[in-house]
Amino acid sequence: MRRLSRRKALSLVRELDAFPKVSDSYVETSASGGTVSLIAFGAMALLAIFEFFVYRDTWMKFEYEVDKDFSSKLRINIDITVAMQCQHVGADILDLAETMITSTGLQYEHVIFELTPQQRRWQRTLLLIQNRLREEHALQEVLYKTFLNGGPTALPPREVASTEPLHACRIHGHVYVNKVAGNLHITVGKPIQHPQGHAHIAAFVSHKTYNFSHRIDHLSFGEEIPGIINPLDGTEKITFNNNQMFQYFITVVPTRLNTYKISADTHQFSVTERERAINHAAGSHGVSGVFIKYDTSSLMVTVSEQHMPLWQFLVRLCGIIGGIFSTTGKSGCMLHGLVGFCFDVICCRLKLGGYRPREDEQLHDQMNNLNNHQAPLLADDVPQE
């Protein structure tokens with residue numbers, strides 16, 4: 001009984017076979033069919049390799065939502081060099097709530113404004129990358145995925161100490177401000193705070209020493225991430241006018257970055273620039289200096305690195321292999337006939353394979369050629385009776 005039940009089960013399984021096998025004795029092989037098979041297998045292997053590279057690649061997914069974190073502080077990272085002595089300039093931040101943020105987190109360092117050849121090459125390279133980022137926004141995704149491999153965007157130090165006088169001032173460091181609109185001032189005089197607002201003591205600074213030529217080596221918001229290039233990094237403005245105002249209008253967008261290497265809360269920003277000369281007689285009023293006005297966006301961008309799941313890769317791979325196999329199988333007769341016709345034409349022209357004449361046929365052709373090339377009999381040579 002057990003053997004009968006096993007036989008019935010095996011016969012039932014055989015009946016359910018959706019892929020019947022054809023005996024080898026009923027299958028005929030040919031050179032054209034082998035060529036079609038080689039082409040099909042080559043296409044399968046090539047497409048499978050390309051699909052594997054697609055599987056290994058990642059892409060960045062951008063999601064937008066309302067920024068609900070309004071109670072935290074915003075960090076501003078600053079590294080700006082002004083072509084004036086440190087005792088003549090001061091930096092402070094005044095936000096929309098009239099709250100003055102002193103420059104206790106900023107450091108003033110006497111430096112040389114001119115760059116060395118190595119530093120100038122670094123700046124040109126940085127500006128070239130900035131131009132490419134404005135044209136090709138997809139490069140930002142490459143920076144997001146490989147920022148840990150890149151170095152910081154800070155200006156490299158000088159190779160050797162210079163004997164030139166230190167006539168410039170480098171203002172660098174970071175400060176924490178409220179997440180509201182504000183204005184970063186870099187102008188003449190040290191800032192002071194009083195009940196009516198804030199002011200800069202500039203009475204003892206000669207007007208001839210005003211020079212707000214500046215270079216922004218680094219300016220970012222939020223957590224500082226090495227390798228990420230910000231829009232104003234490497235910006236340099238040179239002026240020969242003592243009364244010159246430089247303004248930067250910035251819109252800051254909170255950004256949460258989640259990659260396979262790191263998770264960080266940073267900020268992106270866009271910027272527009274404006275500069276003008278101060279001339280009270282001509283109606284152009286204002287204060288000479290560098291002013292960076294920023295405002296935070298109410299939206300938050302979540303940038304996450306995505307990867308193709310394994311099951312999707314296997315499904316696509318099966319689709320490639322099965323599709324090519326099915327296509328070559330269904331249209332095998334047509335491809336077989338086409339390849340066979342091409343082989344017949346080539347072999348016939350070159351007299352290869354079965355089209356090569358045998359030795360007896362070659363001898364017979366030579367005898368026919370000799371008979372055909374014999375000279376015909378003339379009328380005088382005909383024997384007379």
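Every value quoted in this text rests on a predicted model; they were computed, and no experiment measured them.

A. The arrangement of the overall build of the chain in detail. Summing up its helical and strand segments, the chain has seven helices and 15 strands in all. Surface accessibility of the chain: about 25400 Å² in total, with carbon and sulfur atoms responsible for 60%.

B. Structural detail: the side chain of Asp-217. By the secondary structure assignment, Asp-217 is in strand E10 (residues 214–221). A distance of 3.1 Å separates the side chain of Asp-217 from the side chain of Arg-215, its partner in a polar contact.

C. Quick look at the pairing of E10. Counting buried positions over the eight residues of E10 gives eight, a clear majority of the element. When strand E2 (residues 73–82) meets E10, the two strands line up antiparallel, connected through seven bridges. Bridge pairing in E10 links Val-82 to His-214. Here E10 runs beside strand E11 (residues 235–237); their pairing, made up of three bridges, is antiparallel. When the sheet's bridge partners are listed, His-214 is paired in E11 with Lys-237.

D. Highlighting the state of the cysteines. Under the criterion given, the structure shown has one disulfide. Each sulfur of the disulfide joining Cys-86 and Cys-169 lies 2.3 Å from the other. When the S-S torsion is 105°, as for the bridge of Cys-86 with Cys-169, the disulfide is right-handed. Of the two residues, Cys-86 sits in the loop between E2 and strand E3 (89–95) while Cys-169 sits in strand E6 (residues 168–178), which places them 83 residues apart along the sequence.

E. Spatial organisation of helix H3 (residues 117–135). Given a rise of 1.5 Å per residue, 19 residues ought to cover 27 Å, and the 27 Å separating the end C-alpha atoms of H3 matches this to within 8%. Taken as a whole, H3 has its buried residues at Gln-119, Trp-122, Gln-123, Leu-126, Gln-130 and Leu-133. One side of H3 holds all its buried residues, which, seen down the axis, span an arc of 95°. Away from the buried face of H3 by more than 90 degrees, exposed residues Pro-117, Arg-121, Arg-124, Leu-128 and Glu-135 are located.

Definitions and cut-offs
Residues numbered from 1 in each chain as written. Predicted model: local features only at pLDDT ≥ 70, side-chain atom pairs only at ≥ 80, totals over all residues. Heavy atoms only, no water. Helix = DSSP H or I, 4+ residues; strand = E, 2+ residues; numbered from the N terminus. Areas by Shrake-Rupley, 256 points an atom, 1.4 Å probe, with all protein chains shown as cover. Polar contact = N/O pair within 3.5 Å; in protein donor to acceptor, adjacent residues only side chain to side chain. Buried < 20%, exposed > 50% of the residue type's maximum accessible area, 1.4 Å probe, protein only. Pairing = 2+ DSSP bridges. Disulfide = S-S within 2.5 Å. Expected span 1.5 Å × (residues − 1). Arc of directions from axis to C-beta.

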